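Residue-level structural notes
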Amino acid sequence: MITTRSRATRARSARGVALAAAVGILLAGCVDEGRSSNPDDEEASGGSGASSDCPIEVNEDIDTTVAVGYQPIPNGDLVVRDLGWLEACMPNATVSWVKVASGGEMVQAFGSGSVDLGLVGSSPATKAVSPPNNIDMQVIWIHDVIGEAESLVVQEGAGDTLADLAGKSVAVPFASTAHYSLLAALEREGMTPADIELINLSPDAMLAAWERQEIDAAWVWAPTLPLLTESGHIIVSAADTAEAGAPTFDLAGATTEFVDANPEFMEVWTALQDQAVQMILEDEDAAAESIGVQLGISTDEVLDQLGGYTFLTAADQAGEDYFGGQLSQDLINTADFLVTQEEIDEVNTAEAYEAAIYTDAIDKVAGQ
């Protein structure tokens, strides 16, 4: 059964202390003594050292080397990183963590071979396995279903509707789920990207552009989103576009080469992601503390941000609504739309999208 968070992200997430997160300052009371997140490191080995306990059976036989791409998005992936679970559960594996700014950049990292596995949104994942990219990768996990956590925020005085943004500058990370949601929202309103000044900006670059009023609006996710809402307001969210038939997800993907060569690693990795989701659902404060360490923000801010997502256990994901059938169709539906927006050349075959869904580890962890 799907569990949906009930906290409203807009009402409480715009806190003055969030500005400290933008410059990488850890807030008082957020970090245990001797615990370091290194949130601005582009690459680091291991987690924060917050825990050396493996929550599942340790597997000492796994000795693979893996580069794990991660994004600063509040979900279970940051719990796994912060608690050092991969390193604790597979002590003979060599794990390095590579910080990536967006799903589009993660797809590039897959293509270049600089990461083996990492978080990529549903729109970038679809683009990756569609022509002309045709990257040999597979979807391995759903980190979250995106709701109000990704939204279009507008400068005060710049407008209250999408129509008001005609001719104005709107920033979004290209090839991201936010980009897909923006395009879907424009189409729903009878507008096209040509009706606005569309600017490609990473979340890290948006804050400065926003403060200099170089952009009128931005579609982005936390932790950047709550910073922008301190002086702006939200007019539409991914929850709205999902309701209109364009859902988005934060997915995990991996190269097919790595998946095929490392089935035991994939099962342990999936089991740990499932443990992290269960922590979010059953011990939210503990999960928020770990996520806060990784994002450099307070536990309360993380709790606010988690309300913009739906988190699914392995048992949820194994069912027909996701890995059991619908997820490949969601990729096809996304591809259909991306073709109309000239974001991809053509829709791939149904077999190609089905082959891009890796179910073995999910089914084993879910007990199917």
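This text gives an overview of the structure that appears in the document. (Residues numbered from 1 in each chain as written. Predicted model: local features only at pLDDT ≥ 70, side-chain atom pairs only at ≥ 80, totals over all residues. Heavy atoms only, no water.)

What follows deals with helix H5 (residues 103-112). Among the residues of H5, Gly103, Gly104, Met106, Val107, Ala109 and Phe110 are the ones counted as buried. Close packing links the buried residues of H5 with strand E3 (65-70), strand E5 (117-121), helix H6 (122-128), strand E6 (137-146) and strand E12 (249-255). Just downstream of H5 lies Gly113, where phi reads positive at about 80°. (Buried < 20%, exposed > 50% of the residue type's maximum accessible area, 1.4 Å probe, protein only. Helix = DSSP H or I, 4+ residues; strand = E, 2+ residues; numbered from the N terminus. Contact = heavy atoms within 4.5 Å.)

So, on to the state of the cysteines. Here the structure, examined in full by the defined rule, presents one disulfide. The partner cysteine of Cys54 in its disulfide is Cys89, sulfur to sulfur 2.0 Å. Disulfide Cys54 to Cys89: torsion about the S-S bond roughly 110°, handedness right-handed. Here Cys89 lies in helix H4 (residues 85-89) and Cys54 lies in the loop between strand E2 (43-45) and E3, a separation of 35 residues in the sequence. With respect to burial, Cys54 and Cys89 carry one shared label: buried. (Disulfide = S-S within 2.5 Å.)

Across the six residues that make up E3, a large majority, five, are buried. Relative to strand E4 (residues 94-99), E3 is paired through six bridges, and the arrangement is parallel. The residue of E4 that forms the bridge with Val66 is Val95. Here two bridges tie E3 to E5, and the two strands are oriented parallel to one another. Bridging across to E5, Val68 finds its partner in Leu117. (Pairing = 2+ DSSP bridges.)

Glancing now at the environment of Ala252. Mapping Ala252 onto the fold places it in strand E12. For Ala252, a relative accessible area of 0% translates into the label buried. Here the alpha-carbon distance between Ala252 and Asp77, two residues 175 residues apart in the chain, equals 9.3 Å. Apart from the residues lying within four places of it in its own chain, the contact partners of Ala252 are Gly118, Leu119, Val120, Gln138, Val139, Ile140, Trp141, His143 and Trp269.

Where helix H7 (residues 177-188) contacts helix H16 (residues 326-340), the axes come no closer than 11 Å and their chain directions differ by 70°. Here H7 lies roughly perpendicular to H16, going by the angle between them. For the pair H7 and H16, the sense of crossing is left-handed. For the pair H7 and H16, contact is made by Tyr180, Leu183, Ala184 and Glu187 and by Thr334, Phe337, Leu338 and Thr340, respectively. Looking at the contact of H7 with H16 residue by residue, the classes come out as five nonpolar, two polar and one charged. (Axes fitted to C-alpha atoms, helices over the stretch in contact; angles between N-to-C directions. Parallel < 35°, antiparallel > 145°, perpendicular 65-115°, else oblique. Left-handed = near helix turned anticlockwise from the far one by under 90°. Nonpolar A, V, L, I, M, F, W, Y, C, P; charged D, E, K, R; others polar.)

All right, on to the packing of aromatic side chains then. Taken as a whole and judged by the stated rule, the model has five aromatic pairs. Centre to centre, the rings of Phe258 and Phe265 are 5.4 Å apart; their planes meet at 85°, and the pair counts as edge-to-face. Overall, Phe258 belongs to the buried group, its relative accessible area being 6%. When its relative accessible area of 1% is taken as the criterion, Phe265 is described as buried. (Phe/Tyr/Trp six-rings, centres within 6.5 Å; stacked < 30°, edge-to-face > 60°.)

In this section: unusual backbone geometry. Across the junction of Pro131 and Pro132, the peptide omega takes the value 10°, indicating a cis bond. Along the chain, Pro132 turns up in the loop between H6 and E6. Of note in this structure, Glu342 is not a glycine but carries a positive phi near 60°. Its place among the elements puts Glu342 in the loop between H16 and helix H17 (350-355).

What follows deals with the environment of Leu281. Assignment of secondary structure puts Leu281 in helix H12 (residues 263-282). Residue classification places Leu281 among the partly exposed positions, given a relative accessible area of 24%. Remark: the alpha-carbon pair of Leu281 and Leu312, spanning 31 residues in sequence, is separated by 9.1 Å.

Our next topic: the environment of Thr334. Along the chain, Thr334 turns up in helix H16. The class for Thr334 is buried, based on a relative accessible area of 4%. Spatially, the C-alpha atom of Thr334 lies 8.0 Å from that of Ser122, the residues being 212 residues apart in sequence. Setting aside anything within four residues of it in sequence, one finds Thr334 in contact with Ser123, Thr126 and Tyr180. Polar side-chain contacts of Thr334 include one of 2.8 Å to the backbone oxygen of Asp330. (Polar contact = N/O pair within 3.5 Å; in protein donor to acceptor, adjacent residues only side chain to side chain.)

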